[in-house]
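Descriptive analysis of the structure
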Amino acid sequence: MSVDPYALCPCGSGKKIKFCCADLKPQIEKFQRMLQGDQPQAGLRFIEDLCAKHPDRISLLCLKSGVQMQLRQTEAARASVEQVLAREPNNPMANAHLAILCAIDEDGRSAIEPIHRALAVSSGEIPSQVVEALGAVGQALLAQGEVFAARAHLSWQALMAGKDDRRSSEMLARIYAASEVPLLLKEDLPIVSCPEGAPYRVAFAEAEQAYRQGDWRGSEAKFSALAVSASDAPAVWRNLISLRASLADQEGLLAALRTYASLDVSPDEAIEAEATAQLIDPAALGEPLDIVLRTFEVSDQTELETTLRANPRFSLSPVDPNAYAESEEPAPRHMVWILDRPEVEASDELTFEQVPLALARGYLFGRETDRQSRFELVGPCDESLVEAQSVLQEVAGQWLSEPAEDEVVGATSVVRTAMSWTWRIPEQTPADQRRQLTAAKRRDTLLRAWPTQPLPVLDGKSPQEATLEPALQTQLLAAILVLEQSFADADDTIDFNQLRRQLELPEAGPIDPNELAGQPVTLAQTARLALDKTSDEVLLEAYDRAVLCGADRAIKHLAPELLNREGVEGRFNKAELCGLLAEQATDAEQALVYLEQARTYAEAAGQSSAPWDLAELAVHIDRGNAPAAQQMLQHLQQDHINEPGVGERLMQMLMAAGVIGPDGTPAGPPSGEAVGLAGAGAPPADDGKIWTPESETPGEAKGKIWTPS
């Protein structure tokens, strides 16, 4: 394949090869053929020979650093890049490669400066390597939990790459769909226009123009300068929020958010700005607390296991070895919960106060070739861990060595730990009763415990104390919004307006979209839309955004209205809508009603009912209704098993339910842990969790999108 002479020259000059490095065209063609033939090592040797013959040719050095990165020779690639930058500091190709290397070797934040320099110095057409680097930077930022900045860079890359490269678009869709990412961090932050007649419109236009040209850093500098003279202009600070978020400037973003919340803006705007600040502020949750791993050698593994099983203060759960398939460490034999009181038996009269709470969790490992059997105790380094170790040593100390030095494996905070709870509901407890117990515990925690908890964002006061301070009202309402937005499910058993009333605060009432003065409805507001005052277009747009972003409460609020509104007939998929309502229903009978509606709509549209049949099977399994589950399983096997994905999904469901093992053979029943607002264990699907910047817990399944800084 010949090289297009009118393609951009690899030297980064912005010129076409024909008018720049035309004499190297045959060599570039040969090099490209080697890469296309999956011969990168040969290509590297070829380009190194050329560089030795032509040490002054920037194009060859850029090609060299590119193939070195492809071969993961990052140190060598950085040396090649530095050679170019020493001669041409503003070379776009070298800066793009440097951005990728920073993203690989350091972090996404350090990659921001070189990628934006590459964009700023690219004249005319943006080189494909720079566009690719944008995506790499976006992914690195995402891995650090810089959601706003990751979204900005991935969106720009997706726009530039177009239909040829769907990777960034797919990653953006994953971010929006991820329940681990709070809704407030999924909110779009567009650059807003200058208010009419503003005395600073010329300076505003210059800053806005810099942004439109892709110079985000220059635009931020201009808006920052403007903020000195126009310090009370919401539009200026709104754009600083957008730019600083995109540039991963956390300190500057926090300042802009809190300044914006103090200006003459609507109460909802101020509360959302402050709530966003609380979500990303490391200090919002108070004094940090290490999560530690404390290791004890085990002298007799069999005796230790027998002793722990016999004591009601310990609960052992099997560990799926597949979860450790990609780990270099062997899987533990058991996960062990150390409880604050003995386990209880299942009962119709069981209350949440009777359910034992976990003080900490441990992992029992068998003997390895070069390592003694061991017990690893994991938890926040606080009084609960001290009590857990005391119980462990009292019951089984004869089989344990003195603990090794603690290994810090994570971080949390005093506030989050005080609000967290992990418990052991008896395994025989029906699913509906589990949900009732969980809902009761949530209500108690939110309405009784949370109001008395001192919070740093309230100047160290508790919500009950802060409600007496008018100057803290926005911060307090924002803290409640963070709680409300942090539930991953659509559990409507919690009335957050009850919490507001309890604290004598304004309620979050219905929103008339016609009274928003041209402002778009935010994700946080969609669940509060006054449906009788919402047009068809606004309703459909709000619903689409709610589905895209996994805004469960909003879906639950909007979907019934869509089903009953004549003006939107044929403009959405009714079966999918009913399926979403079924997924979010807290009552199994209501879920089955919605699934029957979904099946009816699907069949009327000539579509397969398999997705809704699978969902119904999950409901029957969850309820322990074996006859109904068996009947639906037979129906799926007879009528849908040959449809794409049905067989795989059936296997996944039966494995998750503990009906079969990974090899397809029958397995024992699943364990019965349940996790509360911010528990540290592996929760069942119906348990909600409060997200915090320290919410990732060691030992949980990997692959979450939100990874905090």
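Residues numbered from 1 in each chain as written. Predicted model: local features only at pLDDT ≥ 70, side-chain atom pairs only at ≥ 80, totals over all residues. Heavy atoms only, no water.

**Thoughts on the packing of helix α26 (residues 610–623) against helix α27 (residues 626–639)**
What counts here: Inter-axis angles, ranging from 0 to 180 degrees, are taken between N-to-C directions of lines fitted to C-alpha atoms, where helices are fitted over the stretch in contact. Helix and strand labels come from DSSP, where a helix needs a run of H or I of at least four residues and a strand needs a run of E of at least two; each type is numbered from the N terminus. For classification purposes, an angle smaller than 35 degrees is called roughly parallel, one larger than 145 roughly antiparallel, one from 65 to 115 roughly perpendicular, and anything else oblique. Handedness of a crossing follows from how the near helix is turned relative to the far one, being left-handed for an anticlockwise turn of less than a right angle and right-handed for a clockwise one. Whether two residues are in contact is decided by their heavy atoms, any of which lying within 4.5 Å being enough.
Viewed as axis vectors pointing N to C, α26 and α27 meet at an angle of 155 degrees, and their least axial separation amounts to 8 Å. One way to sum up the angle between α26 and α27 is to call them roughly antiparallel. In this structure, the crossing between α26 and α27 has a hand that is left-handed. Residues Ala 610, Asp 613, Leu 614, Glu 616, Leu 617, His 620 and Ile 621 of α26 lie in contact with α27, whose contacting residues are Ala 628, Ala 629, Met 632, Leu 633, His 635 and Leu 636.

**What about the packing of helix α3 (residues 58–70) against helix α4 (residues 74–87)?**
Formally: In this count, Pro and Cys sit with the nonpolar residues alongside Ala, Val, Leu, Ile, Met, Phe, Trp and Tyr, while Asp, Glu, Lys and Arg are called charged and the others, Gly among them, polar.
Where α3 meets α4, the closest approach of the two axes is 8 Å, and the angle between their N-to-C directions is 155 degrees. Between α3 and α4, the crossing angle belongs to the class labelled roughly antiparallel. Seen along the crossing, α3 lies across α4 with a hand that is left-handed. Contact residues: α3 offers Ile 58, Leu 61, Cys 62, Lys 64, Ser 65, Gln 68 and Met 69, while α4 offers Ala 76, Ala 77, Ser 80, Val 81, Gln 83, Val 84 and Arg 87. Grouping the constituent residues of the contact of α3 with α4 by class yields 8 nonpolar, 4 polar and 2 charged.

**Section: the confidence of the model for the protein chain**
Caution applies to low-pLDDT parts of the model: their predicted coordinates are not meant to be read in detail. How we decide: Per-residue confidence from the predictor is given as pLDDT, running between 0 and 100.
Per-residue pLDDT for the protein chain has a mean of 87; in total, 92% of the residues score no lower than 70. When the criterion is pLDDT under 50, residues 668–709 qualifies, and its contacts beyond four places in sequence or with other chains add up to 132 contacts.

**With respect to the sheet that holds strand β4 (residues 358–365)**
Across a sheet, paired strands are connected by hydrogen bonds in the backbone, their directions being either parallel or antiparallel. The test is simple: Here, any two strands with at least 2 DSSP bridges between them count as paired.
Strand order in this open sheet of 6 strands is β2-β3-β4-β5-β1-β6, and the pairing throughout is antiparallel. The open sheet terminates on both sides in strands that have one partner only, identified here as β2 (314–318) and β6 (407–413). The sheet shows a mean angle of 25 degrees between the axes of neighbouring strands, direction not considered. Bridging between strand β1 (residues 288–297) and strand β5 (residues 374–380) involves 7 bridges; their strand directions are antiparallel. From the neighbouring strand, Phe 296 faces β5, where its bridge partner is Phe 375. Strand contacts of helix α15 (residues 301–310): β2, β3 (334–339), β4 and β5, with the helix running at about 115 degrees to β2, the strand carrying the most contacts.

**A few points about the side chain of Asn 239**
To keep things clear, this is the line we draw: Between buried and exposed lies partly exposed: a residue is buried under 20% and exposed over 50% of the maximum accessible area for its type, with that area taken using a 1.4 Å probe on protein chains only.
With respect to the secondary-structure elements, Asn 239 resides in helix α12 (residues 234–246). For Asn 239, a relative accessible area of 0% puts it in the buried group. With residues near it in sequence (within four places) discarded, Asn 239 still touches Pro 190, Ile 191, Val 192, Phe 204 and Phe 223.

**Quick word on α4**
Applicable threshold: Multiplying 1.5 Å by the residue count of a helix minus one yields the expected span of that helix. The arc in question is the one spanned by the directions pointing from the helix axis to the C-beta atoms.
In a regular helix each residue adds 1.5 Å, so 14 residues correspond to 20 Å; α4 covers 20 Å between its end C-alpha atoms and thus fits that length. Along α4, the residues classified as buried are Thr 74, Ala 77, Arg 78, Ser 80, Val 81, Val 84 and Leu 85. In an axial view of α4, the angular spread of the buried residues amounts to 160 degrees, which keeps them on one side of the axis. When the buried face of α4 is taken as reference, the exposed residues oriented beyond 90 degrees from it are Glu 75 and Ala 86. Along its buried surface, α4 packs onto α3 and α5 (92–105).

**Concerning the pattern of salt bridges**
The condition that has to hold: Definition used for salt bridges: Asp or Glu carboxyl oxygen within 4 Å of a side-chain nitrogen of Lys or Arg.
For the structure on display, the rule yields 33 salt bridges. Notably, a salt bridge pairs Glu 368 with Arg 374, separated by 2.8 Å at the nearest N-O pair. Take Arg 374: its relative accessible area is 2%, and that puts it in the buried class. Among the ionic pairs, Glu 376 bridges to Arg 374, the shortest N-O distance being 2.9 Å. In this structure, a network of salt bridges that share partners links the residues Glu 596, Arg 599, Asp 613 and Glu 616.

**So, the pairing of β2**
Most of β2 is tucked away, with 4 of its 5 residues classed as buried. Pairing of β2 with β3, which is carried by 5 bridges, proceeds in the antiparallel orientation. When the sheet's bridge partners are listed, Pro 318 is paired in β3 with His 334.

**Quick notes on the pairing of β1**
Of all 10 residues in β1, 7 are buried, a share of seventy percent or more. Bridge analysis of β1 against β6 gives 6 bridges, and the strand direction is antiparallel. Note on β6: the bridge partner recorded for Pro 288 is Ser 413.

**Describing the packing of aromatic side chains**
To keep it simple, the criterion reads: Each Phe, Tyr or Trp ring (for Trp, its six-membered ring) is paired with any other whose centre lies within 6.5 Å, and the angle between the two planes then decides the class: stacked below 30 degrees, edge-to-face above 60, tilted in between. In our convention, an over-ring charge means Lys NZ or Arg CZ found within 6 Å of a ring centre and within 35 degrees of that ring's normal.
Overall, the coordinates contain 6 aromatic pairs when judged by the stated rule. Ring geometry for Tyr 200 against Phe 204: centres 6.2 Å apart, planes inclined by 35 degrees, an arrangement best described as tilted. Assigned by exposure class, Tyr 200 and Phe 204 land together as buried. A centroid spacing of 4.7 Å and a plane angle of 80 degrees characterise the contact between Trp 421 and Trp 423, whose relative ring orientation is edge-to-face. Trp 423 shares its class with Trp 421; the two are buried. Its guanidinium or amino end placed over the ring of Phe 365, Arg 374 lies 3.9 Å from that ring's centre, counting from NZ or CZ. When the ring centre of Trp 421 is taken as reference, the NZ or CZ atom of Lys 441 above it lies at 5.6 Å.

**Describing unusual backbone geometry**
Backbone geometry at Asp 459 places phi at a positive 55 degrees, although glycine is not the residue there. Inspection of the secondary structure assignment puts Asp 459 in the loop between α18 (431–449) and α19 (463–466). The class of Asp 459 is exposed, set by a relative accessible area of 58%. Of note, the phi angle at Glu 504 is positive, near 55 degrees, even though the residue is not glycine. You can see Glu 504 is positioned in the loop between α21 (496–502) and α22 (536–549).

**Things to note about the state of the cysteines**
To keep it simple, the criterion reads: The definition used for a disulfide is geometric: two cysteine sulfur atoms within 2.5 Å.
On inspection of all chains with the given rule, the structure shows 0 disulfides. Cysteine Cys 102 shares no disulfide, and the gap to the nearest cysteine sulfur, in Cys 62, comes to 16 Å. On the basis of relative accessibility, which here comes to 5%, the residue Cys 102 falls in the buried class.

**A closer look at the nonpolar core**
Counted only if it meets this: To define a nonpolar core, start from buried Ala, Val, Leu, Ile, Met, Phe, Trp, Tyr and Cys residues and group those joined through side-chain atoms within 4.5 Å.
Of all hydrophobic cores here, the largest spans 121 residues; its most connected members are Ile 115, Tyr 200, Phe 223, Val 236, Trp 450 and Leu 499. Per element, the largest residue contribution to this core is 9 residues, and it comes from α5. If near-sequence neighbours (up to four positions away) are discounted, Trp 450 is found in contact with Met 419, Thr 445, Leu 455, Pro 463, Leu 476, Ala 479, Ile 480, Leu 483, Leu 499 and Leu 503.

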